[in-house]
Amino acid sequence: MNWKDTPEQTAFREEVRLFIQERFPSDYTPDTDGEQSLEPEDVYGYNWVADSRSGDPRRQEAAWEWAAALSERGWVAPHWPEQYGGAGLGVMEEFILQEEMMRARVPAVNGIGVFLMGPTLLEHGTQEQQAEHLLRISSGEETWAQGFSEPDAGSDLAAVRTRAVRDADEYIVNGQKVWTSQGQYSDWLMALVRTDPDEPRHRGLSFLMIDLASPGVTVRPIEDMRGSDPFTEIFFEDVKVPVRNRVGEENRGWYVAMTTLDFERSGIGSTIKYDQALRRLIESIRSDDVAPYLREDWEQAVRHEIARRYIEIRVLYNLALNTVSRQAAGESADYAASINQLFSTQVHQKLAGTGLKVFGPYGNLWQRDGAPLEGFFTHDFVDSVARPFLGGSTEVQRNVIATRGLGLPRK
């Protein structure tokens, strides 16, 4: 593990910074009221998938202008082969690109399609599937959602009950998915479905690509406690899916899905967001603008907490760097990604709580107008409630760390 950039990496970092400065659309500005996503690679005030389909023509145009600029360099999907619209970057260069984009507060494009579906097709897809989808994903033209969770199958993913019955060259799909991030903005769904109910739980599952424009598909946004709708529930009623849209072998979908979940990111996105939030809090305390909102004993109450949050964020950065260093050396992220996820969840919740404490009763103001820091930490505190089960519950992450990392028995 090396904390310093090589000369080549330093030059690449400068290239990325200059590119963002020159090519990011000046009128593509944060929209805090339209904030809808909880994904770690999303920048505060942006959600590219939603922005690219916005009812505001100017915002939609700016989102597509940014996607086109990144596509010119192959930087929408930087780690993909050039033949599929990528740049063929190494692990460290991809890390630097994502880090600099987060620091500049500019959004990634087509996150779920690029980070999850694309790599899954590169690993398990046929040449026909790769040719049909990868270039469209890397350009942002084709967006994806992840259809794994169900009402009774969240962390216990093997409990999936959505049925897919084969009928000649088609599957007939019936069932429901839930907590599907950005489902209302997506063109396609990667879905884990049960194709053989008589097999053991982890068998008899298949991985299908489902066109969400198919007859029989109903997508309903779910409103969260913030009043936003970052995810959806999706219903299937006799939906016909061509067999050619199956990824991998029939009844072997569990292993394809586990590959998808193995494409864990380093966690740098969350780390940079927390770092920027803490710096914003410290700068605001030192300014005259928020003085009327500070609780009288703020220094006594939270000074040491702020120091702890700073240390925790630096630890989180080093965990991210450790993960990407292992990947660059040809190793799997494996349980290191679970450590990052678990620790990141704890840091998020602690940081949001610290931000609220600084402002005392004013931290309860939900409206942005007239609230300290436009209610940033109030909204962030509510966001953090969902963190213990986003992307795998804390119980699942601890089990992964215990069994894969510490070698403890499963029972």
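Nothing here was measured: the structure is a model prediction, and the numbers come from that model.

(A) Molecular detail of the packing of aromatic side chains. Applying the stated criterion across every chain yields a total of 14 aromatic pairs. A ring pair is formed by Phe148 and Phe207, whose centres lie 6.1 Å apart and whose planes are at 80°; its orientation type is edge-to-face. Of this pair, Phe148 sits in the loop between β1 (144-147) and β2 (163-167) while Phe207 is found in strand β5 (residues 205-211), placing the two residues 59 residues apart along the sequence. Accessibility expressed as a relative area gives 5% for Phe148, which makes it buried. Judged by centre distance (5.1 Å) and plane angle (85°), the rings of Tyr293 and Tyr362 are edge-to-face.

(B) Spatial organisation of unusual backbone geometry. Positioned with a positive phi, Arg105 is a non-glycine residue whose angle comes to about 60°. With respect to the helices, strands and loops of the structure, Arg105 is situated in the loop between α4 (91-103) and α5 (111-124). The phi dihedral of Leu373 is positive, around 55°, even though this residue is not glycine. On the basis of relative accessible area, Leu373 is assigned to the buried category, the value being 11%.

(C) Layout of the nonpolar core. In terms of nonpolar packing, the biggest core is built from 63 residues, with Trp66, Trp75 and Met117 touching the most fellow members. Other than its neighbours up to four places away in sequence, Trp75 contacts Phe12, Glu15, Val16, Phe19, Leu70, Ala87, Leu89 and Leu97.

(D) Geometry of the environment of Asn251. You can see Asn251 is positioned in the loop between β8 (246-247) and α7 (253-262). For Asn251 and Trp179, which are 72 residues apart along the polypeptide, the C-alpha to C-alpha distance reads 24 Å. Setting aside its immediate chain neighbours within four residues, Asn251 contacts Thr195, Asp196, Arg203, Gly204, Leu205 and Ser206. For Asn251, the side chain forms a polar contact with the side chain of Thr195, separated by 2.5 Å.

(E) Region of the structure containing the pattern of salt bridges. Overall, the coordinates contain 25 salt bridges when judged by the stated rule. In this structure, a network of salt bridges that share partners links the residues Asp5, Arg13, Glu14, Arg17, Glu99, Glu100, Arg103, Asp275 and Arg279.

(F) Highlighting a nonpolar patch on the surface. A cluster of nonpolar side chains, Tyr310, Ile311 and Val315, forms an exposed patch at the surface whose accessible area comes to about 280 Å². Counting through the fold element by element, Ile311 comes out in helix α9 (residues 298-328). For Ile311, a relative accessible area of 53% gives the class exposed.

(G) Representation of the packing of helix α10 (residues 335-359) against helix α12 (residues 394-405). Between α10 and α12, the least distance of the axes is 9 Å, while the angle of their chain directions is 145°. Regarding α10 and α12, the two cross each other, and that crossing is left-handed. Side by side, α10 and α12 meet where Tyr335, Ser338, Ile339, Gln341, Leu342, Thr345 and Gln346 of the first sit next to Thr394, Gln397, Arg398, Val400, Ile401, Arg404 and Gly405 of the second. Taken together, the residues of the contact of α10 with α12 sort by class into 5 nonpolar, 7 polar and 2 charged.

(H) Region of the structure containing the pairing of strand β3 (residues 170-181). Examined bridge by bridge, β2 and β3 share 5 bridges and lie antiparallel to one another. Looking across to β3, one finds that Ala164 is bridged to Val173. Between β2 and β3, which pair antiparallel in sequence order, lie 2 residues; one of them, Ala168, sits at a positive phi of approximately 60°. With 9 bridges joining them, β3 and strand β7 (residues 231-242) adopt antiparallel strand pairing. From the neighbouring strand, Lys177 faces β7, where its bridge partner is Ile234.

(I) Here's a closer look at the packing of helix α8 (residues 268-286) against α9. Relative orientation of the contacting elements α8 and α9 amounts to 155°, with a least axis distance of 10 Å. Classified by the angle their axes make, α8 and α9 are roughly antiparallel. Handedness of the α8/α9 crossing: left-handed. Facing Ile268, Thr271, Tyr274, Asp275, Leu278, Arg279, Ile282 and Ile285 of α8, the residues of α9 in contact are Trp298, Ile306, Arg309, Tyr310, Ile313, Leu316, Tyr317 and Ala320. Residues that form the contact of α8 with α9 fall into these classes: 12 nonpolar, 1 polar and 3 charged.

(J) Looking closely at the environment of Ala402. Tracing the sequence through the fold places Ala402 in helix α12. Considered as a pair, Ala402 and Met209 are 193 residues apart in the sequence and their alpha carbons are 33 Å apart. Look past the residues within four positions of Ala402 in its chain and what remains in contact with it is Gly407 and Leu408.

(K) Geometry of helix α1 (residues 7-23). With 17 residues, α1 should reach 24 Å at 1.5 Å per residue; the first-to-last C-alpha distance of 24 Å fits that figure. Buried residues of α1: Gln9, Phe12, Arg13, Val16, Phe19 and Ile20, and no others. An end-on view of α1 places all buried positions within 125° of arc, on one side of the element. The exposed residues of α1 that point more than 90 degrees off its buried face are Pro7, Gln21 and Glu22. In this structure, the buried residues of α1 make contact with α3 (57-73) and α4.

Reading the values: rules and limits
Residues numbered from 1 in each chain as written. Predicted model: local features only at pLDDT ≥ 70, side-chain atom pairs only at ≥ 80, totals over all residues. Heavy atoms only, no water. Phe/Tyr/Trp six-rings, centres within 6.5 Å; stacked < 30°, edge-to-face > 60°. Helix = DSSP H or I, 4+ residues; strand = E, 2+ residues; numbered from the N terminus. Buried < 20%, exposed > 50% of the residue type's maximum accessible area, 1.4 Å probe, protein only. Core = buried A, V, L, I, M, F, W, Y, C linked by side-chain atoms within 4.5 Å. Contact = heavy atoms within 4.5 Å. Polar contact = N/O pair within 3.5 Å; in protein donor to acceptor, adjacent residues only side chain to side chain. Salt bridge = Lys/Arg side-chain N within 4 Å of Asp/Glu carboxyl O. Patch = residues over 30% accessible without salt bridge, like charges linked within 9 Å, V, L, I, M, F, W, Y side chains within 5 Å. Areas by Shrake-Rupley, 256 points an atom, 1.4 Å probe, with all protein chains shown as cover. Axes fitted to C-alpha atoms, helices over the stretch in contact; angles between N-to-C directions. Left-handed = near helix turned anticlockwise from the far one by under 90°. Nonpolar A, V, L, I, M, F, W, Y, C, P; charged D, E, K, R; others polar. Pairing = 2+ DSSP bridges. Parallel < 35°, antiparallel > 145°, perpendicular 65-115°, else oblique. Expected span 1.5 Å × (residues − 1). Arc of directions from axis to C-beta.

Keep in mind these numbers describe shape, not what the thing actually does.
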